[in-house]
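Listed here are the chains, written in short residue letters.
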2 protein chains.
Amino acid sequence: MNKAIFYHAGCPVCLSAEQQVIDAIDKNRYEIEIVHLGEDKAQIRVAEQAGVKSVPALLLDGDIFHINFGAALDDVKVLRYL
Amino acid sequence: MNKAIFYHAGCPVCLSAEQQVIDAIDKNRYEIEIVHLGEDKAQIRVAEQAGVKSVPALLLDGDIFHINFGAALDDVKVLRYL
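For the structure given in this document, a descriptive report is provided here. From a predicted model like this one, the values you see are computed outputs, not experimental measurements.

Attention now goes to the pairing of strand 3 (residues 54-60) of chain A. Residue and element names in this part refer to chain A. Burial within strand 3 is extensive, with 7 of its 7 residues counted as buried. Where strand 1 (residues 2-8) meets strand 3, 4 bridges bridge the pair, whose relative direction is antiparallel. Directly across from Tyr7, in strand 3, lies its bridge partner Ala57. Here 6 bridges tie strand 3 to strand 4 (residues 63-72), and the two strands are oriented antiparallel to one another. Looking across to strand 4, one finds that Ala57 is bridged to His66.

Have a look at this one:
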């Protein structure tokens, strides 16, 4: 099974984009994980090591694809959720 | 059938990225078209009207997703292929 991980930081525009991209992926061949970096700060380092520079980003079998531009990972690190 | 169009301008890095993204899309639900804007200049205006600002870009049912950044569409317009 291939692995797809979608990294985002929770903004509505990114969530909408994410929904469409995830929807298009072949679920018979890809196991899909969605990671909200705003809620799961521990994953930020993992994402960074995988090559994520900004969100939303899609990791396909270890290769990173930055989709549009929501926020830089550096900004997500210091983001406060009210 | 949903429609996915992948716009690119032919650089090897973009082609590699394209291959992985196209590979991940569910072919049972998406009809896929790949458009090389360097070879098919007439499509540049079509891409522009669809919202393409840079390549590579993926159009999913009319919504545009810019994936990474290869080249701005304005630069593709004046590109010369030797």
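Past the structure itself, the notes keep going.
It is worth spelling out the interface of chain A and chain B at this point. In this assembly, 16 residues from chain A lie in contact with 16 residues from chain B. Carbon and sulfur atoms supply 46% of the area that chain A and chain B bury against each other, a total of about 1,500 Å² over both sides. The three residues of chain A that bury the most area against chain B are A:Gln20, A:Ala24 and A:Phe65, which together make up 36% of that side's buried surface. Remark: the boundary between chain A and chain B carries 2 salt bridges. For the interface between chain A and chain B, the tally reads 12 residue pairs in polar contact (both at pLDDT 80 or more). Counting only elements with at least two residues in the side of chain A that touches chain B, the list comes to helix 1 (12-24) and strand 4 of chain A. Top contributing element to the side of chain A that touches chain B by residue count: strand 4 of chain A, with 6 residues. For the side of chain A that touches chain B, the per-class residue count stands at 9 nonpolar, 3 polar and 4 charged.

Looking now at the environment of A:Ile34. Residues and elements named next belong to chain A. Relative to the elements of secondary structure, Ile34 occurs in strand 2 (residues 30-36). By relative accessible area, Ile34 is classed as partly exposed at 42%. Ile34 sits 27 residues away from Tyr7 along the chain, and the two C-alpha atoms are 6.2 Å apart. Residue contacts for Ile34: discarding those within four places in its chain leaves Phe6, His8, Glu18 and Ile22.

Taken as rigid bodies, chain A and chain B are interconverted by a rotation of 180 degrees and an axial shift of 0.0 Å, the fit giving an RMSD of 0.0 Å. Here the symmetry operator amounts to a two-fold rotation axis.

Right, let's talk about the side chain of B:His36 for a bit. Residues and elements named next belong to chain B. In this structure, His36 sits in strand 2 (residues 30-36). Assessed through its relative accessible area of 17%, His36 is described here as buried. Here the side chain of His36 touches Gly38 through a polar contact of 3.0 Å, landing on its backbone nitrogen.

In this section: the environment of B:Asp40. As for its placement among the helices and strands, B:Asp40 is situated in the loop between strand 2 and helix 2 (42-50). Taking the C-alpha atoms as reference, B:Asp40 lies 21 Å from B:Val21; in sequence the two are 19 residues apart.

The rules behind each value
Here the residue numbering is sequential within each chain, running from 1 through the sequence in written order. Chain letters and ligand numbers both follow the written order, the letters beginning at A and the numbers at 1. Local features are withheld for residues below a pLDDT of 70 in this predicted model, meaning they are given only at 70 or higher, and side-chain atom pairs are given and counted only at 80 or more; totals for whole chains, interfaces and linings count all residues. Remark: hydrogens and water are excluded; side-chain values derive from all non-hydrogen atoms of the structure. The buried label goes to any residue with under 20% of its type's maximum accessible area, the exposed label to any with over 50%, and the partly exposed label to all in between, with areas taken from a 1.4 Å probe on protein chains only. Strands here mean DSSP runs of E at least two residues long; helices mean DSSP runs of H or I at least four residues long; both are numbered from the N terminus. In this scheme, strands are said to pair when DSSP sees at least two bridges between them. Pairs of residues are marked as contacts when any of their non-hydrogen atoms sit within 4.5 Å. Buried area is a sum: the accessible area each of two parts loses on coming together, probed at 1.4 Å, counted once for each and added. The term salt bridge refers to a pairing of a side-chain nitrogen on Lys or Arg with a carboxyl oxygen on Asp or Glu at a separation within 4 Å. Nitrogen and oxygen atoms within 3.5 Å of one another constitute a polar contact, given that in protein one can donate a hydrogen and the other can accept it, and given that sequence-neighbouring residues count only through two side-chain atoms. Under this grouping Gly is polar, as are all residues other than the nonpolar Ala, Val, Leu, Ile, Met, Phe, Trp, Tyr, Cys and Pro and the charged Asp, Glu, Lys and Arg. The least-squares superposition of copies is restricted to C-alpha atoms, and to residues with a pLDDT of at least 70 in both copies.

Nothing here speaks to function; it is all geometry.
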